[in-house]
Amino acid sequence: MVVGGAFAADHIDAPAASVDVPADISDFFVWHDGSHLTAVLCFAPFGVSGDSAMYDPDVLYGIHIDTNGDNEADHEIWARFGTDSLGNWGVQVEGMPGTGAPVAGPVESVIQAPGGRIYAGLRDDPFFFDFDGLTETLSTATLSFDATNDTFAGTNVTSIVVEMDQGAAANGADNIQMWATTARITTP
Amino acid sequence: MRSILFAAAAALLATGCEGPEGPAGTAGDAGTAGAAGDNGTDGTDGSSGSDGSNGSDGSNGTDGSNGTDGLNAGDFTFRTDAATDYDQVDRVGMPVVSTAVITNKDLYNQSSPSADAAGDFVTEIIANVAGLHTALDDDLDVFFTPCVVEPQNGEADCIAQAAPLVVPDTLKIDLAGVSGFPNGRFLDEPVVDITFAVVLLDLTVHGVGTLAGLPLSQTENDVAFLGGFPYLAAPH
């Protein structure tokens with residue numbers, strides 16, 4: 001059986017992202033319910049029970065919203081982590097649609113924000129899939145899934161959850177598109 | 001004997017009328033001292049002396065332990081650098097796109113939706129989708145009607161099906177419609193199965209949920225999601 005020439009089945013993990021764990025996005029979710037738009041950004045996958053969340057003050061997390069279809073962000077929501085004088089971690093979110101000043105508070109707690117709520121902390125990885133089966137399928141060119149295998153069962157991620165006002169996020173549009181980014185400070 | 005006789009004779013010669021008393025004789029010598037007497041009984045004790053002065057202070061004891069911290073309401077400090085001072089490391093829109101159909105993953109992760117729309121990655125996406133079909137069509141043919149990468153006879157076109165979903169690589173949300181992948185993405189949806197159906201199957205024949213409905217797929221997370229915000233379950 002011949003596998004396509006440009007097929008990249010042996011490069012499942014993007015090298016640069018997977019070695020920078022706090023900047024390695026595992027998943028991005030967004031849903032709406034009529035009054036709120038909720039975005040979830042998960043990173044640092046395959047966390048083991050007992051390990052801490054991956055808070056890194058030098059990483060900038062971004063949630064981007066394009067409301068007019070030009071593939072450029074009209075809203076940019078930025079999240080950063082930082083510590084207080086006692087070493088406790090906190091999260092700050094700037095650019096919540098419809099608001100001005102940044103919102104900040106301790107991690108592992110629900111933070112009220114204008115138009116919604118924010119949470120950042122260590123969570124069970126919400127992704128479920130036989131990823132080993134996908135890897136096997138792509139490298140052997142044969143369907144190789146196993147229904148009993150959830151590669152992500154028992155693993156943790158660090159997550160940022162932002163609930164925002166749907167109308168303010170959409171700028172009146174019905175169709176929007178969103179994506180998430182991570183970036184590391186160029187010169188620490 | 002002659003002296004005593006003489007003295008007696010003198011005494012007899014001297015007897016006559018008593019004369020006046022003579023002067024007193026000189027005192028005799030003192031007698032020798034008597035022996036010392038026994039010790040007298042002890043006297044009573046004297047009163048206590050006054051207190052001595054204080055000794056010097058001892059050294060300090062060890063510090064006590066810290067009291068418990070009060071709740072800190074927010075002297076958190078965060079970087080204030082502009083977004084342009086950071087180098088992009090990763091980006092995600094649609095799930096699994098980079099893994100399944102992108103060859104230059106590092107370049108892709110540092111790129112953007114506008115680059116997607118400009119066609120920067122279309123060639124490799126098409127090549128990889130074609131590669132998936134070349135590899136899997138014989139397995140798919142057993143149960144399904146696959147789409148075709150370069151249809152010649154009006155077959156379902158895989159690229160036409162998949163392109164709106166993955167180019168640009170973003171989650172599309174129709175706020176006037178009901179939420180549900182690929183209209184946004186909730187936590188409990190089998191997104192890989194759905195995405196693969198779009199890329200592999202003829203969607204005029206099969207629904208997007210076809211692969212998700214197979215007994216071959218994981219159907220739910222290992223842990224139940226929370227009923228409310230923040231929705232993700234507590235960590236292991």
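Please refer to the structure higher up on the page.
Residues numbered from 1 in each chain as written. Chains lettered and ligands numbered in written order. Predicted model: local features only at pLDDT ≥ 70, side-chain atom pairs only at ≥ 80, totals over all residues. Heavy atoms only, no water.

Draft legend 1. Representation of the overall build of chain A within the structure. Summing up its helical and strand segments, chain A has 3 helices and 10 strands in all. In sequence order, chain A lays out its α and β elements as α-β-β-β-β-β-β-β-β-α-β-α-β. Projected onto its principal axes, the C-alpha coordinates of chain A cover approximately 60 × 45 × 35 Å. A sequence separation of at least 24 residues applies to 56% of the contacts in chain A between residues at least 6 apart. Approximately 6,900 Å² of chain A is accessible, and the part contributed by carbon and sulfur atoms is 51%. Across chain A, 4 positive and 27 negative side-chain charges occur, with their mean positions spaced 11 Å apart. (Helix = DSSP H or I, 4+ residues; strand = E, 2+ residues; numbered from the N terminus. Contact = heavy atoms within 4.5 Å. Areas by Shrake-Rupley, 256 points an atom, 1.4 Å probe, with all protein chains shown as cover. Lys, Arg positive; Asp, Glu negative; His and termini not counted. Charge placed at Lys NZ, Arg CZ, Asp CG, Glu CD.)

Draft legend 2. Expanded view of the pairing of strand β2 (residues 171-174) of chain B. Burial along β2 of chain B is one-sided: the residues Leu171 and Ile173 of chain B are buried and none of Lys172 and Asp174 of chain B is. Pairing of strand β10 (residues 175-185) of chain A with β2 of chain B, which is carried by 4 bridges, proceeds in the antiparallel orientation. Within the sheet, the bridge partner assigned to Ile176 of chain A lies in β2 of chain B and is Ile173 of chain B. (Buried < 20%, exposed > 50% of the residue type's maximum accessible area, 1.4 Å probe, protein only. Pairing = 2+ DSSP bridges.)

Draft legend 3. Expanded view of the interface of chain B and chain A. Each partner contributes residues to the interface: chain B has 84 residues there, and chain A has 101 residues. Taken together, both faces of the contact between chain B and chain A bury some 7,500 Å²; the carbon and sulfur share is 63%. Summed over the shared surface of chain B and chain A, the number is 2 salt bridges. Across the pair Arg185 of chain B and Asp27 of chain A runs a salt bridge, and its minimum N-O distance is 2.7 Å. Summed over the shared surface of chain B and chain A, the number is 29 residue pairs in polar contact (both at pLDDT 80 or more). Among the elements of the structure, β1 (86-92), α2 (97-101), α3 (105-109), α4 (113-117), α5 (122-140), β2 and α7 (191-200) of chain B are those that each provide at least two residues to the side of chain B that touches chain A. (Buried area = accessible area lost by both parts, 1.4 Å probe. Salt bridge = Lys/Arg side-chain N within 4 Å of Asp/Glu carboxyl O. Polar contact = N/O pair within 3.5 Å; in protein donor to acceptor, adjacent residues only side chain to side chain.)

Draft legend 4. Local environment of the side chain of Ser98 of chain B. Relative to the elements of secondary structure, Ser98 of chain B occurs in helix α2. The residues contacting Ser98 of chain B, other than those within four sequence positions of it, are Lys105, Tyr108 and Asn109 of chain B.

Draft legend 5. Layout of the sheet that holds strand β8 (residues 116-124) of chain A. Residues and elements named next belong to chain A. If you walk across this open sheet you meet the 5 strands as β1-β2-β9-β8-β7, and the pairing is antiparallel. Two strands in the sheet have a free side with no partner beyond their single neighbour: β1 (25-32) and β7 (111-113). Strand-to-strand twist across the sheet, computed as the mean angle between neighbouring axes with direction ignored, equals 20 degrees. (Axes fitted to C-alpha atoms, helices over the stretch in contact; angles between N-to-C directions.)

Draft legend 6. Local environment of the nonpolar core. Of all hydrophobic cores here, the largest spans 83 residues; its most connected members are Phe28, Phe81, Met164, Ile176 and Met178 of chain A. Leave out the neighbours within four places in its chain, and Met164 of chain A touches Ser35, His36, Leu37, Ala39, Ile65, Ile77, Met96, Pro97, Gly115 and Ala169 of chain A. (Core = buried A, V, L, I, M, F, W, Y, C linked by side-chain atoms within 4.5 Å.)

Draft legend 7. Structural context of the packing of aromatic side chains. Residue and element names in this part refer to chain A. Using the criterion set out here, one finds 16 aromatic pairs over all chains in the structure. Where Tyr55 meets Phe81, the ring centres are 4.8 Å apart and the plane angle is 45 degrees; that geometry is what we call tilted. Of this pair, Tyr55 sits in the loop between β2 (36-47) and β3 (59-66) while Phe81 is found in strand β4 (residues 75-83), placing the two residues 26 residues apart along the sequence. Considered together, Tyr55 and Phe81 belong to a single accessibility category, that of buried residues. Taking 5.9 Å as the distance between ring centres and 75 degrees as the angle between the ring planes, the aromatic pair formed by Phe131 and Phe152 counts as edge-to-face. One end of the pair, Phe131, is in helix α2 (residues 131-140); the other, Phe152, is in the loop between α2 and β9 (156-165), and 21 residues separate them in sequence. (Phe/Tyr/Trp six-rings, centres within 6.5 Å; stacked < 30°, edge-to-face > 60°.)

Draft legend 8. Highlighting the packing of helix α6 (residues 158-166) of chain B against α7 of chain B. Residues and elements named next belong to chain B. Their axes nearest at 7 Å, the elements α6 and α7 cross at an angle of 140 degrees. Between α6 and α7, the angle falls in the class oblique. On α7, the residues that touch Cys158, Gln161, Ala162 and Leu165 of α6 are Ala197, Val198 and Val199. Residues that form the contact of α6 with α7 fall into these classes: 6 nonpolar, 1 polar and no charged. (Parallel < 35°, antiparallel > 145°, perpendicular 65-115°, else oblique. Nonpolar A, V, L, I, M, F, W, Y, C, P; charged D, E, K, R; others polar.)

Draft legend 9. Seen up close, a negative patch on the surface. All names here are of chain A. Negative charge collects at one region of the surface, where Asp70, Glu72, Asp74 and Glu76 lie side by side. Along the chain, Glu72 falls in the loop between β3 and β4. Assessed through its relative accessible area of 41%, Glu72 is described here as partly exposed. (Patch = residues over 30% accessible without salt bridge, like charges linked within 9 Å, V, L, I, M, F, W, Y side chains within 5 Å.)

Draft legend 10. Quick look at the pattern of salt bridges. What the rule picks out here adds up to 8 salt bridges over all chains. A salt bridge links Glu94 of chain A to Arg80 of chain A; the nearest nitrogen and oxygen atoms lie 2.7 Å apart. In this pair, Glu94 of chain A sits in strand β5 (residues 89-94) while Arg80 of chain A sits in strand β4, placing the two residues 14 residues apart along the sequence. For Arg91 of chain B, the salt bridge is made with Asp116 of chain B, and the minimal N-O distance between the two is 2.7 Å. Placement of Arg91 of chain B in strand β1 and of Asp116 of chain B in helix α4 is noted, with a sequence separation of 25 residues between them. Judged by relative accessible area, Arg91 of chain B falls into the buried class, the value being 3%. Overall, the relative accessible area of 3% leaves Asp116 of chain B in the buried class. One network of salt bridges, in which partners are shared, links Asp20, Asp56 and Arg184 of chain A.

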